[in-house]
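Examining the three-dimensional arrangement
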Amino acid sequence: MTNTLDSSDSLATTLEKILDSGNKGIYDIQSKAVGPQGSVPLTKEMLLNSPSGDLFANSQNAGMGWNPTELGRKEFLILSTQGGIRAPDGKPIALGYHTGHWEVGLLMQAAAQELKNRGCIPFAAFCTDPCDGRTQGTKGMMDSLPYRNDAAQIFRRQIRSLPTRHGVMGVATCDKGLPAMMMALASMHDLPCVLVPGGVTLPAAQGEDAGTVQSIGARFAHGEATLEMAAEMLCKACASPGGGCQFLGTAATSQVVGEALGMSLIHTALAPSGQMVWLDMARRSALALVNLESKGIRMRDILTQKSVDNAMIVHAAFGGSTNLLLHIPAIAHAAGVRRPTIDNWVEINRRVPRIVDVLPNGPKYHPTVRAFMAGGVPEVMLHLRRLGLLHLDALTVSGETVGQMLDWWEQSERRIRLRHKMMELDGVDPEDVNMSPELARRRGLTSTVTFPHGSLMPEGAVIKSTSIDPTVVDPDGVYRKIGPARVFIREKDAIAAIKSRGLDQVKPGDILVLICRGPAGAGMEEIYQITSALKHLSFGKHIAVLTDARFSGVSTGACIGHISPEALAGGPIGKVTEGDIIQIIVDRNKLEGSVDLVGHKDKMFGPEEGTRILARRTSRPDLSTDPDLPADSRLWAALQNASGGTWGGCVYYVESSI
């Protein structure tokens, strides 16, 4: 291994190099400069009536090198979540947190150049985002969901801090940065805005996807993976340098939802990062932004109740991440339209078929890039249009309606050529990825989510019922489980019990109850290390999970989250003890479910008596906020709770907080 300093350096020599590099060029200093040549385009009226900030902005722009004679042009702001520092050849100088923001600077460059070529002045600003994969099982996860609101606020402040902007482009890719960007753009009611999704990374030709590989530690602990295999698979999983993960997790689902909302151009979600089709998207999005501004089309014209409904419908058809149950209401709130309720989600999921076969949902588990090549969002919307499910008159950032865009897509060269290309490259029929409703029905695809209630979750919970392992579902499509509770307050203790091969091991038949991980307890952390372990361990499908935390979009299995009220808010889930017998029923056809206390150890007493017993019990004495929960995340938890809580999108707003 090469050290950063020569091992022969003494301490004194090292200090000398730190204090003096020996570079004599540092003394070539100037104390004054001529300044930009020319003059800025001003009028008497501007000097008399414009704010001093608008006038001084010309000095800043000229000082940064923009041609002073061009400073009267229209200004557009490009915001992004860019992270890391790339050399011109793409090699890292400083790493980003994740591949999702590693290449988006290239999208910004392409869009900015297009704006410049069109006689506009582009500005750029950044607020980078964390990686939920990188923070799984760490203290960093406690900042994940709270970050979304913080970033949306920063983006809003950045937009307002450029008073002369005529429109805004948002470039983002992943789990929290992209919803934050959508929230910020949605709140710009009187500005034209366009969203550019950052695309996806490619799967390894011979390796595991980025979701599967996150279970490697648990598989190794149980002898189901070798050290050599783990090292190789972790190296290969992110097979190309940029883009969101290869599965329909929160990042990919957010891209799909952004397009379905009309905020992105048609067929832009899930494009392969770094490729020409991806860069072309950014250039065309810049043209769309200029077009919106010229036509006077604003965000309030695009983000309406109809567009929110369309997004929920497309979410159901794709079988998307349950985290969008948090993000779509937050976007709706920012847009000033009604936030969807649990009843709205239930109604849509009951009438909208799931027709997409993409990781983590089966039956074939295709990567997201195939969904793109098979036609992406517009291909799915064509099927939904035939079923009469969409609001076709909803406006999009193309300046045209959903219906008009689908008419174009159906006859486009792009559609035909990309579908043929996938057959050529992967030998996969596009109809096997984005299916017709009839084919999806024959292959056993079921709707996406169910919202169970019961004595342990009187205000509801959520499960991606489509992803329960079919081998543990009864022939009538109902998942039924009765088992003993294994209760954990800390995620690290739960994962240790899953990895254990001793007496403390979580065993097949158990129901793992993980509490104090909701907003007040742990910032509503994402517990994918637990759900991924159970998905990929040979015995994991025989263990169910109940939690007031949330799940990664790639999570699968009998995992019920978002349990409300959370344990620290007095929810009965915080009264469960070791040895309690819990009954879970999830009907994947009717999208109904219940979770109830029905016994304790050897005594069975049924749901009604269980409800009475829970009412008499006090909460567990060991319930507590995680000591590592940051103070600012605790403040976020209180504010969002006052503003509608989990089912209201975990937003916060002034009227409910002061």
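You'll find the structure just up there.
The present account deals with the structure reproduced in this document. (Residues numbered from 1 in each chain as written. Predicted model: local features only at pLDDT ≥ 70, side-chain atom pairs only at ≥ 80, totals over all residues. Heavy atoms only, no water.)

Regarding its fold elements, the protein presents 26 helices and 13 strands. In terms of overall dimensions, the protein is globule-like: its C-alpha atoms have a radius of gyration of 26 Å, near the 26 Å expected for 658 residues. For the protein, the C-alpha atoms occupy an extent of roughly 90 × 75 × 60 Å along the three principal directions. A separation of at least 24 residues holds for 75% of the contacts in the protein among residues at least 6 apart in sequence. A total of about 27,500 Å² of accessible surface is found on the protein, and carbon and sulfur atoms cover 54% of it. Where the 66 positive side-chain charges of the protein centre and where its 68 negative ones centre are 2 Å apart. (Helix = DSSP H or I, 4+ residues; strand = E, 2+ residues; numbered from the N terminus. Rg over C-alpha atoms; globule rule 2.2 N^0.38 Å. Contact = heavy atoms within 4.5 Å. Areas by Shrake-Rupley, 256 points an atom, 1.4 Å probe, with all protein chains shown as cover. Lys, Arg positive; Asp, Glu negative; His and termini not counted. Charge placed at Lys NZ, Arg CZ, Asp CG, Glu CD.)

Turning our attention to the sheet that holds strand β4 (residues 121–126). One open sheet accounts for 4 strands, arranged β4-β1-β5-β6; its pairing is parallel. Of all strands in the sheet, those with a lone pairing partner are β4 and β6 (193–197), marking the two edges. Neighbouring strand axes in the sheet, compared pairwise and without regard to direction, differ in orientation by 20° on average. Two elements, strand β1 (residues 75–80) and β4, share 6 bridges in a ladder whose sense is parallel. Bridge pairing links Leu-79 to Ala-125 in β4. (Pairing = 2+ DSSP bridges. Axes fitted to C-alpha atoms, helices over the stretch in contact; angles between N-to-C directions.)

Along the polypeptide, Ser-455 turns up in the loop between α20 (437–442) and β7 (478–488). On the basis of relative accessible area, Ser-455 is assigned to the buried category, the value being 11%. Along the sequence, Ser-455 and Gly-403 sit 52 residues apart, while their C-alpha atoms lie 45 Å from each other. Setting aside residues no more than four positions away along its own chain, Ser-455 makes contact with Pro-572, Val-595, Asp-596, Leu-597, Thr-611 and Leu-614. (Buried < 20%, exposed > 50% of the residue type's maximum accessible area, 1.4 Å probe, protein only.)

Let us look at the state of the cysteines. Enumeration according to the criterion identifies 0 disulfides in this entry. Cys-120 supplies the cysteine sulfur nearest to Cys-193, a cysteine that is in no disulfide, at a spacing of 15 Å. Residue class for Cys-193 comes out buried when judged on its relative accessible area of 1%. Lacking any disulfide linkage, Cys-650 is separated from the closest cysteine sulfur, that of Cys-516, by 17 Å. (Disulfide = S-S within 2.5 Å.)

Most of helix α23 (residues 528–536) sits out of view: 7 of its 9 residues are buried. Taken residue by residue, α23 has Tyr-528, Gln-529, Ile-530, Thr-531, Ser-532, Ala-533 and Leu-534 as its buried positions. Those residues of α23 that are buried lie in contact with α8 (216–221), α21 (491–499), β8 (511–514), β9 (544–547) and β10 (559–560).

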